[in-house]
Amino acid sequence: MDQKTAGQRHPTLKRHESLQPLSRDHYVGLVQAQHLIKSADADGAQRRRVLAEFLDAWARDICVHFEDEERVLPELMEAADRERMLKEHVRLRELADEAARRRRQVDPGGDWMRGLGEMLRDHIRWEERVAFEHIEDSADPLRLEMLSEQTAMIERSRPRGRGRGRSAAGGRRS
Ligand SMILES: [Fe+2]
Ligand SMILES: [Fe+2]
């Protein structure tokens, strides 16, 4: 994935170290979002495969990432950002539930899958370009240090760098 796809700025190079583990997680979500968007131009069988792959990534990585964000970020966020993040997580969880139902259909629907991919991509881009920026700009250094300790534990809990496929971990960034 090129830099433009992942965000205007490279998400982890300039990111405060406290947010880097969550930014690394975003790579998995962006790859899935791209596949979902592209599948709008594929056939039903290919869309089912893409949706199955998304559901795997959801269960394994994305769902856990949402829970971690909800655990460590809200107290550092501006009210409007907090509200938006939580609202979009709720919506994406609903869409993931629907994805599990659509997976069993002959064709899960190109427009629907494009919509899911765009929603996931836009959520991640907004976190990288707006919400994480706000946290870096406004949180006091002590709070960011505490966040660093929490996200270091998150990083250790992730399978990347522990022998799982480099593709999911985005080896380019490690
Ligand atoms: Fe999120
Ligand atoms: Fe996120």
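Residues numbered from 1 in each chain as written. Chains lettered and ligands numbered in written order. Predicted model: local features only at pLDDT ≥ 70, side-chain atom pairs only at ≥ 80, totals over all residues.

Asks: Mind showing me how you'd approach the environment of Leu-30 here?
Replies: Residue position: Leu-30 is located in helix 2 (residues 20-38). Here Leu-30 falls in the buried class, since 22 other C-beta atoms lie within 10 Å of it. (Helix = DSSP H or I, 4+ residues; strand = E, 2+ residues; numbered from the N terminus. Buried ≥ 20, exposed ≤ 12 C-beta atoms within 10 Å, placed from the backbone.)

Asks: I keep staring at the nonpolar core and nothing clicks. Help me out?
Replies: Most often, soluble globular proteins have nonpolar side chains that are buried together. In terms of nonpolar packing, the biggest core is built from 17 residues, with Leu-36, Val-50, Leu-51, Phe-54, Met-113, Leu-116 and Leu-120 touching the most fellow members. Sort the elements by how many residues they give to this core and helix 3 (residues 44-72) lands first, with six residues. Sequence-distant contacts of Leu-51, defined by excluding residues within four places in its chain, comprise Ala-99, Arg-102, Arg-103, Pro-108 and Met-113. The next biggest cluster of nonpolar side chains, apart from the first, holds eleven residues, and it includes Leu-73, Met-77, Ala-131 and Leu-147. (Core = buried A, V, L, I, M, F, W, Y, C linked by C-beta atoms within 7 Å. Contact = placed C-beta atoms within 7 Å.)

Asks: Can you help me understand helix 4 (residues 79-102) in this one?
Replies: An α-helical segment advances 3.6 residues per turn. Residues three or four places apart therefore align on the same side. Compared with the 34 Å implied by 1.5 Å per residue over 24 residues, the 34 Å span of helix 4 between its first and last C-alpha is a close match. Every buried residue belonging to helix 4 is among Asp-81, Met-85, Leu-92 and Ala-99, and all of these are buried. The inward-facing, buried residues of helix 4 contact helix 3 and helix 5 (110-138). (Expected span 1.5 Å × (residues − 1).)

Asks: Would you explain helix 2 in this entry?
Replies: If you check helix 2, its first and last C-alpha atoms are 28 Å apart, about what 19 residues at 1.5 Å a residue would give, namely 27 Å. Most of helix 2 is tucked away: 14 of the 19 residues are buried.

Asks: Can you help me understand the environment of Gly-117 in this one?
Replies: Checked against the element boundaries, Gly-117 lands in helix 5. Judged by the 22 C-beta atoms lying within 10 Å of it, Gly-117 falls in the buried class. For the pair Gly-117 and Gln-32, spaced 85 residues apart in sequence, the C-alpha to C-alpha distance is 7.3 Å. For Gly-117, the residues in contact, after removing those within four places along its chain, are Ala-33, Gln-34, Leu-36 and Ile-37.

Asks: Looking at this structure, how should I read the confidence of the model for the chain?
Replies: Should pLDDT be low for a region, the predicted coordinates there are not to be read in detail. Residues at a pLDDT of 70 or more form 84% of the chain, whose mean pLDDT is 88. Mean pLDDT values over the elements of the chain span from 42, in helix 7 (residues 166-169), up to 98, in helix 4. Across residues 1-8, confidence stays below pLDDT 50; counting only partners more than four residues off in sequence or on other chains, it has twelve contacts. Counting interchain partners and residues more than four positions distant, the pLDDT-below-50 stretch residues 165-174 has twelve contacts. (pLDDT = per-residue confidence, 0-100.)

Asks: Just to check I follow, could you spell out the packing of helix 2 against helix 3 for this structure?
Replies: Packed helices, taken two at a time, are described by the angle their axes make and the gap between the axes. Relative to each other, helix 2 and helix 3 sit at 150 degrees, their axes nearing to 10 Å. Viewed along their axes, helix 2 and helix 3 adopt a mutual orientation that is roughly antiparallel. Two packed elements cross with a definite hand, and for helix 2 against helix 3 that hand is left-handed. On helix 3, the residues that touch Leu-22, Asp-25, Val-28, Gly-29, Gln-32, His-35 and Leu-36 of helix 2 are Val-50, Glu-53, Phe-54, Ala-57, Asp-61, Ile-62, His-65 and Glu-69. A class-by-class count of the residues in the contact of helix 2 with helix 3 yields seven nonpolar, four polar and four charged. (Axes fitted to C-alpha atoms, helices over the stretch in contact; angles between N-to-C directions. Parallel < 35°, antiparallel > 145°, perpendicular 65-115°, else oblique. Left-handed = near helix turned anticlockwise from the far one by under 90°. Nonpolar A, V, L, I, M, F, W, Y, C, P; charged D, E, K, R; others polar.)

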